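# Structural overview
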Amino acid sequence: MNELSSRILCRLTAADDFLSGEDLSVELGVTRSAVWKHVDLLRKEGYQIEAVTGRGYRLTGLTGRPVEAEVAPFLTGGRFGRKLSYHEATLSTNILAKALAAEGAPEGSVVVADCQSGGRGRMGRTWVSPPGVNLYFSLILRPKLPSFRVPQLTLLVAAAIHRALSALVPEIEVKIKWPNDLLLNGRKVCGVLCEMQSEPDLAHFVVVGIGLNVNQQDVPPELQGRATSLFLESNRLFSRPELLATVLNHLEPLYDAWLGEEDLSFILPYLEEHSLLHQKEVAIDQLNRTVRGRVSGIGRSGELKLEQEDGQTCLISSGEAHLRTALS
Ligand code: BT5
């Protein structure tokens, strides 16, 4: 959607009544025929806009796409999501957001796509991103903190998503799987990928990428048994704009609180309470080794506390965790 269409749509969604074409053209600094042309473009995108001579334009139907004008009415915070760029298709919202951040986009800016052709997970993995059903978005953050604190963000974001999902889908228990997954009934519904540009003493920016399976009705063969969606677990369809705003609304105050703290101590009880791995036997695959043990908690910087067979406790800061069965 182009800039002018988006601004007209934002004004129409915020208005309670008709907006005159004259007022819109003055406010946006364009001709009345430009306003008319962009209203027509919005209609072609699926928006229902009534036009009445002498009164102007009134919005009567939205599309349910996570564009700025549809997300904004649900936002409660001052920064996160207030600037939002929407793309029908892109390679990866994290790649777009990193380019925007490098150009100086402010903290809280969000990039959303309806689908991704190269959605990314950690360590070169792929995030399956079909169109029309899910949320794929990236949030730009500029924490004025030394870069060693940035890895804590992944679990902080997971906690915020957990709160958002628990509020919207109270009938289902949501679990956080260290370090970056959210699960419903043991299957992955959401993944977080944080990427940072920094110097040792200062993080320049962080891009927080979130993929959330919302209304997807079938799981692709390669993810059978491992992935799910909010729809598949609850049999309800969700508004993507409302869901996106709800995640941002929970994350903004949590992030602000974290900036004033030394570490994740303030949220550890919450993370441990909702952790899938807490007090479980696990195997953690790292680059060139697998570590086994029983999870006894989460460290202040977000590490997994693992009690090993020899009785020693070690702190694991990265890796892929698996619950151990009797055989593994
Ligand atoms: C993640 O990586 O879970 C991070 C995913 C972040 C995706 C978002 S979408 C918006 C933004 N732009 C991007 O390009 N990325 C971010 P990881 O822990 O490495 O998990 C990846 C693994 O999850 C894959 O190897 C699959 O096994 C599984 N997977 C892939 N697509 C999935 C999906 N749609 N739902 C559930 N599981 C999926």
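A brief look at the structure comes next.

Conventions and cut-offs
- Residues numbered from 1 in each chain as written.
- Predicted model: local features only at pLDDT ≥ 70, side-chain atom pairs only at ≥ 80, totals over all residues.
- Heavy atoms only, no water.
- Buried < 20%, exposed > 50% of the residue type's maximum accessible area, 1.4 Å probe, protein only.
- Helix = DSSP H or I, 4+ residues; strand = E, 2+ residues; numbered from the N terminus.
- Pairing = 2+ DSSP bridges.
- Axes fitted to C-alpha atoms, helices over the stretch in contact; angles between N-to-C directions.
- Parallel < 35°, antiparallel > 145°, perpendicular 65-115°, else oblique.
- Left-handed = near helix turned anticlockwise from the far one by under 90°.
- Contact = heavy atoms within 4.5 Å.
- Nonpolar A, V, L, I, M, F, W, Y, C, P; charged D, E, K, R; others polar.
- Expected span 1.5 Å × (residues − 1).
- Polar contact = N/O pair within 3.5 Å; in protein donor to acceptor, adjacent residues only side chain to side chain.
- Phe/Tyr/Trp six-rings, centres within 6.5 Å; stacked < 30°, edge-to-face > 60°.
- Lys NZ or Arg CZ within 6 Å of the ring centre and 35° of its normal.

### Brief notes about the pairing of strand β7 (residues 181–184)
- Here β7 shows a buried face lined by Asp-181 and Leu-183 and a second buried face lined by Leu-182 and Leu-184.
- Sheet analysis places strand β6 (residues 174–177) next to β7, joined by four bridges and oriented antiparallel. Bridging across to β7, Val-174 finds its partner in Leu-184.
- Between the antiparallel neighbours β6 and β7 lie three residues.
- Note that β7 and strand β8 (residues 187–199) share four bridges and pair antiparallel. For Leu-182, the partnering residue across the bridge sits in β8 and is Cys-190.
- Where β7 folds back onto β8 in an antiparallel hairpin, the turn is made up of two residues, including Asn-185, whose phi is positive at roughly 45 degrees.

### Quick notes on the packing of helix α1 (residues 3–14) against helix α2 (residues 21–28)
- Across the interface, α1 lies against α2 with an axial gap of 11 Å and an inter-helix angle of 125 degrees. When the axis of α1 is compared with that of α2, the two are oblique. Relative to α2, α1 is oriented so that their crossing is right-handed. The residues of α2 that touch α1, namely those facing Leu-4, Arg-7, Ile-8 and Arg-11, are Leu-24, Glu-27 and Leu-28.
- In terms of residue class, the contact of α1 with α2 is made up of four nonpolar, no polar and three charged.

### Examining helix α8 (residues 240–259)
- For α8, built from 20 residues, the straight-helix expectation of 28 Å at 1.5 Å per residue is met to within 8% by its first-to-last C-alpha distance of 28 Å.
- Taking burial as the measure, the 20 residues of α8 include 14 buried ones, the bulk of the element.
- Two to three positions downstream of the cap, the backbone nitrogen of Glu-242 sits 3.0 Å from a side-chain oxygen, assigning the N-cap of α8 to Ser-239.

### Points about the packing of aromatic side chains
- Tallied over the full model, the rule gives two aromatic pairs.
- Measuring from centroid to centroid gives 5.7 Å for Phe-80 and Tyr-255, while their planes differ by 45 degrees, and the two rings are tilted. Of this pair, Phe-80 sits in the loop between α4 (68–71) and β3 (84–90) while Tyr-255 sits in helix α8, and the two are 175 residues apart along the sequence.
- Aromatic pair Tyr-255 and Trp-258: ring centres 6.0 Å apart, planes at 35 degrees, arrangement tilted. Within this pair, Tyr-255 and its partner Trp-258 are both found in helix α8, separated by three residues, close to a single helical turn. Each member of the pair, Tyr-255 as well as Trp-258, carries the same accessibility label: buried.
- Cluster of aromatic residues (ring-pair linked, three or more members): Phe-80, Tyr-255 and Trp-258.
- Directly above the ring of Trp-258 sits Arg-149, whose terminal nitrogen or CZ lies 4.6 Å from the centroid.
- The side chain of Arg-163 reaches across the aromatic face of Tyr-270, ending 4.7 Å from its centre.

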